[in-house]
Amino acid sequence: MHLILTDAAPIHWAFGGAAISAITLALLYIGNRRLGVSTGFENICSLVVHTSYFTRESLVSSHSWRLPLLTGLLLGGVLSALLAGGWETTWALGMFDAEFGWGNGGKLAWMFGGGLLIGFGTRLAGGCTSGHGIFGMSNLELPSVISTVSFMAAGVVTTNLIYRVIL
Amino acid sequence: MKTSPIMMLFYVGLGTVFGLVLSRSGAADYNYIQGMFLLEEFQLYGIIGTAVAVTAPGLYLLKRYGKTVTGAPIQFERKPGHRGNVFGGLLFGAGWSITGMCPGPILVNIGEGKLYAIAALAGTLVGAGAFGVLYPKLQGILRLPPLQVGTGEG
């Protein structure tokens, strides 16, 4: 299967996994930080929402490393597109286009709805694929194993409902 | 802990490499995410499995060594256990399936030029914002940890 972005095969999974591991360990060894992306959304929220939750010290003091990390993730996507032959905007959504056939407005609504679940769910769970799935599981933390099993199970059920039951 | 401009550049650089890997490995690709959840594609299981299999011993050794590159003691918090692990995990899993993106790849997809990912980010920020605003209420209903502990920084 080809990637939507490059229309070429992805890198080998072992290389991808090893690279993510190196990034995780470098973040801890050099920055003394535990890998985690989803709290970064709270850092962004706290720039405009000033309730007690968003002004707590542990969050505000992490602006200076989480916001640069998030910026880097964005730049990594830009760099990937540039290296693939040039950056351009696209609405291509692979099998969603083939099976749903929705226009751009429908895709925006679909993505916004899914995003609500991601934002609320990751913060309620206290982490996402990186913080729970990679760092927490590697550190043998039971809450991370429970969270990871929960989000993988919900993903399997949801995708199967969408593509094997409803469509 | 203050962060120097050089360290901020380090975080931007590390994030960029992370983003590039997510982009080219399939972790930020809608089709590969659906293939994982349909149990048809091994790619993402291979990536996450390898990442954990390599990070676990690395983390064990690094904790035993106990020091960062500057000689400071390694410090990080373990995540607290609470009911949100299950309920939040279930909601997030549904959102990951719907969008084909988990948090890191939302930003990667925007960077790649995929315009619909901007709507995913907007929804995510509204969802995270709603969670924070509702925290005092949810705390009672779901018996979440006090704010000083939180649900887990991740």
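All values derive from a computational prediction rather than experimental measurement. Starting from 1, residues in each chain are numbered consecutively following that chain's sequence as written. All chains are assigned letters beginning with A, and all ligands numbers beginning with 1, in the order in which they are written. Totals for whole chains, interfaces and linings use every residue, but because this is a predicted model, local features are given only for residues with pLDDT of at least 70 and side-chain atom pairs only at 80 or more, for both listing and counting. By convention in this description, side-chain values take in all heavy atoms of the structure and omit both hydrogens and water.

**Description of the layout of surface pockets**
1) Next: The pocket and cavity definitions rest on a 1 Å grid over protein atoms only: a 1.4 Å probe that fits but cannot leave marks a cavity, an open set with protein on both sides within 12 Å along at least five of seven lines marks a pocket, and residues lining either have an atom within 4 Å of a point. Grid points are joined across faces, edges and corners, and a volume is the space filled by probe spheres set on the points. Space inside the largest pocket adds up to approximately 640 Å³.
2) Next: Lining the largest pocket are 19 residues, and of these Arg33 and Ser58 of chain A together with Phe76, Glu77 and Glu153 of chain B sit closest to its centre.
3) Next: Gly counts as polar in this scheme, as do all residues outside two lists: the nonpolar Ala, Val, Leu, Ile, Met, Phe, Trp, Tyr, Cys and Pro, and the charged Asp, Glu, Lys and Arg. When its residues are assigned to classes, the lining of the largest pocket shows 5 nonpolar, 7 polar and 7 charged.

**Notes on the packing of aromatic side chains**
1) Next: Aromatic pairing here means that ring centres of Phe, Tyr or Trp (its six-membered ring) are within 6.5 Å. Orientation follows from the plane angle: under 30 degrees is stacked, over 60 is edge-to-face, and everything else is tilted. In this structure the tally under the stated criterion is 21 aromatic pairs over all chains.
2) Next: With a centroid separation of 5.2 Å and an interplanar angle of 80°, the aromatic rings of Trp13 of chain A and Phe42 of chain B are classed as edge-to-face. Linking Trp13 of chain A in helix α1 (residues 13-31) with Phe42 of chain B in the loop between α2 (30-37) and α3 (43-65), this pair reaches from one chain into another.
3) Next: Three labels apply to residues, based on accessible area from a 1.4 Å probe with only protein chains included: buried if under 20% of the type maximum, exposed if over 50%, partly exposed otherwise in between. When its relative accessible area of 48% is taken as the criterion, Phe42 of chain B is described as partly exposed.
4) Next: A centroid spacing of 5.5 Å and a plane angle of 90° characterise the contact between Phe120 of chain A and Phe131 of chain B, whose relative ring orientation is edge-to-face. On the criterion of chain membership, the pair formed by Phe120 of chain A in helix α6 (residues 104-125) and Phe131 of chain B in helix α6 (residues 116-142) is interchain, its members lying in two chains.
5) Next: Grouped by ring-pair contacts, the aromatic residues Phe96, Phe100, Trp102, Trp110 and Tyr163 of chain A together with Tyr30 of chain B constitute a single cluster.
6) Next: The positively charged end of Arg56 of chain A is found above the aromatic ring belonging to Tyr53 of chain A, 4.5 Å away from the centroid. Starting at the N terminus, helices and strands are each numbered in turn, a helix being any DSSP run of H or I of at least four residues and a strand any DSSP run of E of at least two. By the criterion adopted, a ring carries a charge over it if an Arg CZ or a Lys NZ lies within 6 Å of its centre and within 35 degrees of its normal.

**Some details on the interface of chain A and chain B**
1) Next: Contacts between chain A and chain B engage 120 residues on the former and 116 residues on the latter.
2) Next: Interface area for chain A against chain B, summed over the two sides, is near 10700 Å², with a carbon-plus-sulfur share of 73%.
3) Next: Sorting the residues of chain A by area buried against chain B places Trp13, Tyr29 and Leu124 of chain A first, and these three jointly supply 7% of that buried surface.
4) Next: By definition here, a salt bridge exists when the distance from a side-chain nitrogen of Lys or Arg to a carboxyl oxygen of Asp or Glu is within 4 Å. Applying the counting criterion to the chain A and chain B interface returns 2 salt bridges.
5) Next: Arg164 of chain A is the partner of Glu40 of chain B in a salt bridge, and the nearest nitrogen-oxygen pair spans 2.7 Å.
6) Next: We define a polar contact as two N or O atoms separated by no more than 3.5 Å, with the added condition that, inside protein, one atom must be a possible hydrogen donor and the other a possible acceptor, whereas residues neighbouring each other in sequence contribute only through side-chain atom pairs. Linking chain A to chain B there are 39 residue pairs in polar contact (both at pLDDT 80 or more).
7) Next: Going through the elements one at a time, α1, α2 (39-45), α4 (63-83), α5 (95-99), α6, α7 (129-138) and α8 (142-166) of chain A are the ones with two or more residues in the side of chain A that touches chain B.
8) Next: Class assignment of the residues belonging to the side of chain A that touches chain B gives a composition of 67 nonpolar, 43 polar and 10 charged. By the convention used here, residues are in contact when the closest approach between their heavy atoms is within 4.5 Å. Here's the idea: put two parts together, see how much 1.4 Å probe accessible area each one loses, and the total over both is what we call buried area.

**A short note on the nonpolar core**
1) Next: Side-chain atoms within 4.5 Å are what join buried Ala, Val, Leu, Ile, Met, Phe, Trp, Tyr and Cys residues into a set we call a nonpolar core. Counting residues in hydrophobic clusters, the biggest one holds 71 residues, and the most contacted among them are Ile20 and Met111 of chain A together with Phe18, Trp96 and Ile106 of chain B.
2) Next: Sort the elements by how many residues they give to this core and α6 of chain B lands first, with 10 residues.
3) Next: Excluding residues that lie within four positions of it along the chain, Ile106 of chain B makes contacts with Phe41 and Ile118 of chain A together with Met101, Ala117, Ala120, Leu121 and Thr124 of chain B.

**A closer look at the confidence of the model for chain B**
Close inspection of predicted coordinates is inappropriate for parts of the model with low pLDDT.
1) Next: Residue-level confidence of the predictor, termed pLDDT, takes values from 0 up to 100. Here chain B averages 96 in pLDDT, while 99% of its residues score no lower than 70.
2) Next: This prediction of the complex comes with two scores: 0.97 for pTM and 0.97 for ipTM.

**Focus on the packing of helix α1 (residues 5-25) of chain B against helix α5 (residues 103-112) of chain B**
Residue and element names in this part refer to chain B.
1) Next: Axis definition: a line fitted to C-alpha atoms, limited for helices to the stretch in contact. Angles are taken between N-to-C directions and run from 0 to 180 degrees. With their axes 9 Å apart at the nearest point, α1 and α5 run at an angle of 80° to one another. In this view, α1 runs roughly perpendicular relative to α5, as classed from their interaxial angle. Between α1 and α5, the residues in contact are Gly19, Leu22 and Ser23 and Gly104, Pro105, Val108 and Glu112, respectively.
2) Next: Residues of the contact of α1 with α5, tallied by class, amount to 3 nonpolar, 3 polar and 1 charged. Any angle that falls under 35 degrees is termed roughly parallel, while one over 145 is termed roughly antiparallel, one within 65 to 115 roughly perpendicular, and all others oblique.

**Observations concerning the side chain of Ser25 of chain B**
1) Next: Inspection of the secondary structure assignment puts Ser25 of chain B in helix α1.
2) Next: At a separation of 3.4 Å, a polar atom in the side chain of Ser25 of chain B contacts the main-chain carbonyl oxygen of Leu22 of chain B.
3) Next: Once you skip the residues sitting within four places of it in the chain, Ser25 of chain B turns out to touch Pro10 and Ile11 of chain A together with Gln43 and Ile47 of chain B.

**Section: the pattern of salt bridges**
1) Next: According to the stated counting rule, one finds 7 salt bridges over all chains in the structure shown.
2) Next: Here Glu42 of chain A ties to Arg56 of chain A by a salt bridge, and the two come within 3.0 Å at their closest N and O atoms. Of the two residues, Glu42 of chain A sits in helix α2 while Arg56 of chain A sits in the loop between α2 and α3 (57-60), which places them 14 residues apart along the sequence.
3) Next: A salt bridge links Glu112 of chain B to Lys114 of chain B, with the nearest nitrogen and oxygen atoms 2.7 Å apart. Like Lys114 of chain B, Glu112 of chain B is buried.
4) Next: Ionic contacts of the salt-bridge type, sharing partners, join the residues Glu42, Arg56 and Arg123 of chain A together with Glu153 of chain B into one network.

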